[in-house]
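# An overview of the molecular structure
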Amino acid sequence: MQNVIPNLLTWYQQNHRKLPWRESVTPYQIWVSEIILQQTRVDQGGGYFLKFVDKFPDIFSLAAANESEILKIWQGLGYYARARNMHFAAKQIVNDFQGEFPKSYIELKKLKGVGDYTAAAIASFAFKLAHPAIDGNVKRVSARFFGIDIPINAPSFNKQALELLTQAIDFAPPDIFNQAMIEMGAMICTPQNPRCSQCPLKEECVAFKFNKTSELPVTVPKKSPMKKYIHYFFIEQDGNVAIVLRPSSGIWGGLHEFPNVEHSSLEHLPLHFLEELGLNSENIHVKKYDDYKHLLTHQTIFARCWHLSSFPNNIVLSNQLILVNSIEIRNFPMHKLMLKMLNNLNL
Ligand code: ADE
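Residues numbered from 1 in each chain as written. Predicted model: local features only at pLDDT ≥ 70, side-chain atom pairs only at ≥ 80, totals over all residues. Heavy atoms only, no water.

## Thoughts on the nonpolar core
Counting 100 residues, the largest nonpolar core has Trp31, Phe52 and Phe258 as its most contacted members. When residues of this core are assigned to their parent elements, the largest contribution, nine residues, is made by helix H8 (residues 116–127). Mapping this core onto the domain boundaries places at least three of its residues in each of domain 1 (5–209) and domain 2 (226–344). Of all hydrophobic cores here, the second largest spans 14 residues; its members include Ala242, Val261, Leu274 and Ile284. (Core = buried A, V, L, I, M, F, W, Y, C linked by side-chain atoms within 4.5 Å. Buried < 20%, exposed > 50% of the residue type's maximum accessible area, 1.4 Å probe, protein only. Helix = DSSP H or I, 4+ residues; strand = E, 2+ residues; numbered from the N terminus. Domains from an automatic or database assignment.)

## Focus: the environment of Gln299
Here Gln299 lies in strand E6 (residues 299–310). Considered as a pair, Gln299 and Ile35 are 264 residues apart in the sequence and their alpha carbons are 22 Å apart. Aside from chain neighbours lying at most four places away, what touches Gln299 is Pro225, Met226, Lys228, Ile251 and His294. (Contact = heavy atoms within 4.5 Å.)

## Quick look at helix H6 (residues 81–96)
For an α-helix, the turn length of 3.6 residues means that residues three or four places apart are oriented alike. An ideal rise of 1.5 Å per residue puts 22 Å on 16 residues; H6 measures up with 21 Å between its terminal C-alpha atoms. Of all the residues in H6, the buried ones are Arg82, Ala83, Arg84, Met86, His87, Ala89, Ala90, Gln92 and Ile93. Buried residues belonging to H6 abut helix H2 (27–37), helix H3 (42–55), helix H4 (59–64) and helix H5 (67–74). In the stretch just after H6, Gln98 is the one whose phi turns positive, near 50°. (Expected span 1.5 Å × (residues − 1).)

Next comes the structure, spelled out in structure tokens:
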């Protein structure tokens, strides 16, 4: 790869997009941007990044925040464990590292939620250390350029790509090498119809030479997502709405939603659940319901939101049920499915 590295660096200098996190070399901002970009595309990520660093300008403000403030900023990005891990890691940095990001790859990996990719990104962008940052883009570029025909999700693929890129990165400033490889994957070496004629690596690209860009990388079909059926209850009483807080671990941990129960189908209103919530089901009136289909990475959720009105004083506040004024409900951090339901209810 050594021979084409000057082309890669020149291409990057002349063509890269000006993105908010590229204006910054603070490890904090690099870390925030990289975690956000694991969750969303660059065009949407920019807005989230700016909101995040505006609300939490440094590691101390993040460590001192309430989890729900962080989840509120993260709202809509999905995979909320990432935000909770960031909170945990911020406290680690403040407590164990005097508020300074550790300056080695090995130490960075001790931070919660920081894996190989993020540690390499911070190590190279902030500290100019020679660690290849291998995200999905860089995997695709590597599969094609080196002609690696191992399935892209296999651990042995990573091992081989890491070996080859580690040899190459020594011939370039590590931060620019990694940014350029990521940018190449996003702009030139795209999954479909790569723009090979504009590619700075084409002179040595195995896939280009053997006309194999559509065969590489090798992908294995994903398992089809699991189906889940969830009944949600929109229960209104005197302008207040009942919500619950999800436990802090697991899917949607720490987010708020309508009381709900998972079932084997969406057919019948599971009355027993309302009783479990402490509601007298005889005092509940079913007005109508709306159905939703919500896609997550590994699950497809079929949800039915029952609109229930409840007679005064029927809702007994318990540990699990929170009654909130419908005007304030959006102040609570919520997942996207819940936001869809609120939109539909004009809340
Ligand atoms: N995707 C992941 N990290 C990125 C970065 N630093 N710049 C652009 N896209 C990215």
